[in-house]
Amino acid sequence: MKRRQILALALLAIAPTGAFGSEEKKKKSGGASFLPIDAMVASTNKPGGRRGVLTVECGLDVTDAALRTRADASIPRLRAAYLQTIIAYAAGLSPGAEPNADFIARALQRQTDAVLGRPGAKLLLGAILVS
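Residues numbered from 1 in each chain as written. Predicted model: local features only at pLDDT ≥ 70, side-chain atom pairs only at ≥ 80, totals over all residues. Heavy atoms only, no water.

Draft legend 1. A look at the sheet that holds strand β3 (residues 121-130). Spatially, β1-β2-β3 is the arrangement adopted by the 3 strands of the open sheet, whose pairing is antiparallel. The sheet terminates laterally at β1 (34-45) and β3, the two strands that pair on one side only. Across the sheet, the axes of successive neighbouring strands diverge by a mean angle of 20°, strand direction being ignored. With 10 bridges joining them, β1 and strand β2 (residues 51-62) adopt antiparallel strand pairing. Across the sheet, threonine 44 pairs through a bridge with glycine 52, a residue of β2. Strands β1, β2 and β3 of the sheet are contacted by helix α3 (residues 75-92), whose axis makes an angle of about 30° with β1. Strands β2 and β3 of the sheet are contacted by helix α4 (residues 101-116), whose axis makes an angle of about 140° with β3. (Pairing = 2+ DSSP bridges. Helix = DSSP H or I, 4+ residues; strand = E, 2+ residues; numbered from the N terminus. Axes fitted to C-alpha atoms, helices over the stretch in contact; angles between N-to-C directions. Contact = heavy atoms within 4.5 Å.)

Draft legend 2. Spatial organisation of the environment of glutamine 109. In this fold, glutamine 109 is placed in helix α4. C-alpha separation for the pair glutamine 109 and proline 119, spaced 10 residues apart in sequence, amounts to 8.9 Å. When near neighbours in sequence (up to four residues on either side) are disregarded, glutamine 109 contacts Ala121, Lys122 and Leu123.

Draft legend 3. Geometry of the packing of α3 against α4. Closest axis-to-axis distance for the α3/α4 pair is 9 Å, and the angle between their directions is 150°. Seen along the crossing, α3 lies across α4 with a hand that is right-handed. In this structure, α3 uses Arg77, Leu78, Ala81, Tyr82, Thr85, Ile86 and Tyr89 to contact α4, whose residues at the interface are Phe103, Ile104, Ala107, Leu108, Gln111, Thr112, Val115 and Leu116. Class assignment of the residues belonging to the contact of α3 with α4 gives a composition of 11 nonpolar, 3 polar and 1 charged. (Left-handed = near helix turned anticlockwise from the far one by under 90°. Nonpolar A, V, L, I, M, F, W, Y, C, P; charged D, E, K, R; others polar.)

Structure follows, in structure tokens:
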């Protein structure tokens, strides 16, 4: 019996903290008012008739606590609206043309305000890549 107790204590001593599900979900970056949005991908055309990929990374800066709670709960709807906008933009992008970051930011900001029902959340673009 003592052997089992010693073995159990040894396992508890070497176990990393948070191994039993008590670890909290932490943000990758940004402050308390930042809500990261996963990267969104759409297909586009490249020069020479090849297919390419347009990748857009973004997040929301929401200082109002009530609106931040609403935005956090609306992340799936926001991603769907963003993805629909990015897919339409990528389909119309000329082969070899660079994406217009200002146009994408304005379009996604309009989608943000429409989904959340009021302005107050600021869209922040992280990266726009064509590969």
